[in-house]
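This is what each chain is made of:
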Amino acid sequence: MAVYTQVSAEALSDFLAKFDAGALVSAKGIAEGVENSNYLVDTTGGRFILTLYEKRVAADDLPYFMALLDHLAAKGLPVPPAIKDRAGHEIHELEGRPACLIKFLPGVSVTTPTPAQARAAGEALSQMHWALEDFLLDRPNSMGVDTWQAQLDRCGRDLDTIAPGLFDRVSRALERIIAQWPRHLPPSAIHADLFPDNVLMLGDEVTGLIDFYFACTDVRAFDLAVTHGAWAFDASGHHYDAAIGNALLQGYQRANVLPSDERAALPILAEGAALRFLLSRAWDWLNTPANAMVTRKDPLAYLRRLDFYAANGDALFA
Ligand SMILES: Nc1ncnc2c1ncn2[C@@H]1O[C@H](COP(=O)(O)OP(=O)(O)OP(=O)(O)O)[C@@H](O)[C@H]1O
Ligand SMILES: N[C@@H](CCO)C(=O)O
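Residues numbered from 1 in each chain as written. Chains lettered and ligands numbered in written order. Predicted model: local features only at pLDDT ≥ 70, side-chain atom pairs only at ≥ 80, totals over all residues. Heavy atoms only, no water.

(A) Representation of the site of ligand 1. The local shell around ligand 1 holds 17 residues, among which V34, E35, K103, L105 and D211 are the closest. With respect to ligand 1, the backbone of E35 contributes an N or O atom lying 2.9 Å from an oxygen atom. Between ligand 1 and L105 there is a distance of 2.9 Å, counted from a nitrogen atom to a backbone nitrogen or oxygen. Coverage of ligand 1 by the protein chains reaches 89% of its 620 Å² of free accessible surface. (Near = heavy atom within 4 Å. Polar contact = N/O pair within 3.5 Å; in protein donor to acceptor, adjacent residues only side chain to side chain. Areas by Shrake-Rupley, 256 points an atom, 1.4 Å probe, with all protein chains shown as cover.)

If you want it as structure tokens, here you go:
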């Protein structure tokens, strides 16, 4: 479920009256997603997404996200910018929450991507990175390498309730990754969470890149590593699919060639990316009641990816 905040028909009609977007016809809560409340809104003027931002998205970050979406949309990338009201405002308040009316994009997210779809996703990621070369706003990565020690510390020995010995394993991996982290690579604006559920597709074509709410300033190849880990394994992290992983990398390089120093860093960046999701999932696992309506995501699926990259990363990204 992802409707935390209920919106009354009256409040929504009043909200829509600020836009040239037509009058309310229907509004349905969208079940997918876990971070925000999303509604599919039909009006006499078309179809929109209404997003109410819940606790994980800081209202102060919204101007950054909206500027980034506007920048990409202006360059023809398939992203959903917020609709401006008649006064030119994109960010509003509805039912006590920050809220945006967002362009609806067609397409569905794939659960089991084919190599052709992974190639298209890699190419779209690459196009997005180069379209952001002249995007000047900055947002530090709130889930980046400099936060991982604190994230590990706040989980502490409770990690061992997820799997015996997990705290020590993660501690050792973190120490090794931090020691090798490529701090010399140039910063860029990145998506940072381009999982298959954040890519809308029709057949083999990417029709939407969505959910930019982790977007931040970090290293492009780190974004590629995040995407590789998210696409090229089965959900449990037991099985690596080389055809998917290779297609994703080929697609990325088809649009733009990754500079050699960024490519050379991919093995350690992939380990770091796996650690990032292991840590956030572990915290959520320890702090979400098992009977909550939100499904907890398995942290160990990312421990398996971490082990896989540590053993095979050099060969994989050679
Ligand atoms: N602009 C859009 N056009 C069409 N559908 C969209 C759009 N934005 C979101 N959706 C739909 O709403 C669903 C939830 O959106 P989203 O992934 O942004 O949710 P969330 O709760 O913010 O994120 P998370 O994936 O991190 O839980 C998506 O899976 C997609 O089906
Ligand atoms: N994509 C993340 C959750 C939302 O950021 C994960 O699968 O852990």
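(B) How the structure looks around helix α5 (residues 166-180). For α5, built from 15 residues, the straight-helix expectation of 21 Å at 1.5 Å per residue is met to within 8% by its first-to-last C-alpha distance of 21 Å. Burial in α5 covers these residues: L166, F167, V170, A173, L174 and I177. Burial along α5 is one-sided: seen end-on, the buried residues are contained in an arc of 135°. Counted as exposed and oriented over 90 degrees from the buried face of α5: R172, E175 and A179. Its buried side turned inward, α5 meets α4 (148-155), α9 (266-287) and α10 (300-316). (Helix = DSSP H or I, 4+ residues; strand = E, 2+ residues; numbered from the N terminus. Expected span 1.5 Å × (residues − 1). Buried < 20%, exposed > 50% of the residue type's maximum accessible area, 1.4 Å probe, protein only. Arc of directions from axis to C-beta. Contact = heavy atoms within 4.5 Å.)

(C) Representation of the pairing of strand β7 (residues 199-202). The pairing of β7 with strand β8 (residues 205-209) spans 4 bridges and is antiparallel. Bridge pairing in β8 places M201 opposite V206. Hairpin connection of β7 to β8: 2 residues between the antiparallel strands, including G203 at a positive phi of 60°. (Pairing = 2+ DSSP bridges.)

(D) Seen up close, the domain arrangement of the protein chain. Under the domain assignment used here, the protein chain contains domain 1 (9-103) and domain 2 (115-316). The C-alpha centroid of domain 2 is placed 27 Å from the C-alpha centroid of domain 1. Each partner contributes residues to the interface: domain 1 has 21 residues there, and domain 2 has 24 residues. Both faces considered, domain 1 and domain 2 share a buried interface measuring about 1900 Å² in area, 72% of it formed by carbon and sulfur atoms. Taken together, domain 1 and domain 2 are joined by 3 salt bridges. In this structure, R139 engages D61 in a salt bridge whose closest nitrogen and oxygen atoms are separated by 3.2 Å. Broken down by element, the residue count for the side of domain 1 that touches domain 2 peaks at 8 residues, all from helix α2 (residues 62-74). Tallied by class, residues from the side of domain 1 that touches domain 2 come to 15 nonpolar, 2 polar and 4 charged. (Domains from an automatic or database assignment. Buried area = accessible area lost by both parts, 1.4 Å probe. Salt bridge = Lys/Arg side-chain N within 4 Å of Asp/Glu carboxyl O. Nonpolar A, V, L, I, M, F, W, Y, C, P; charged D, E, K, R; others polar.)

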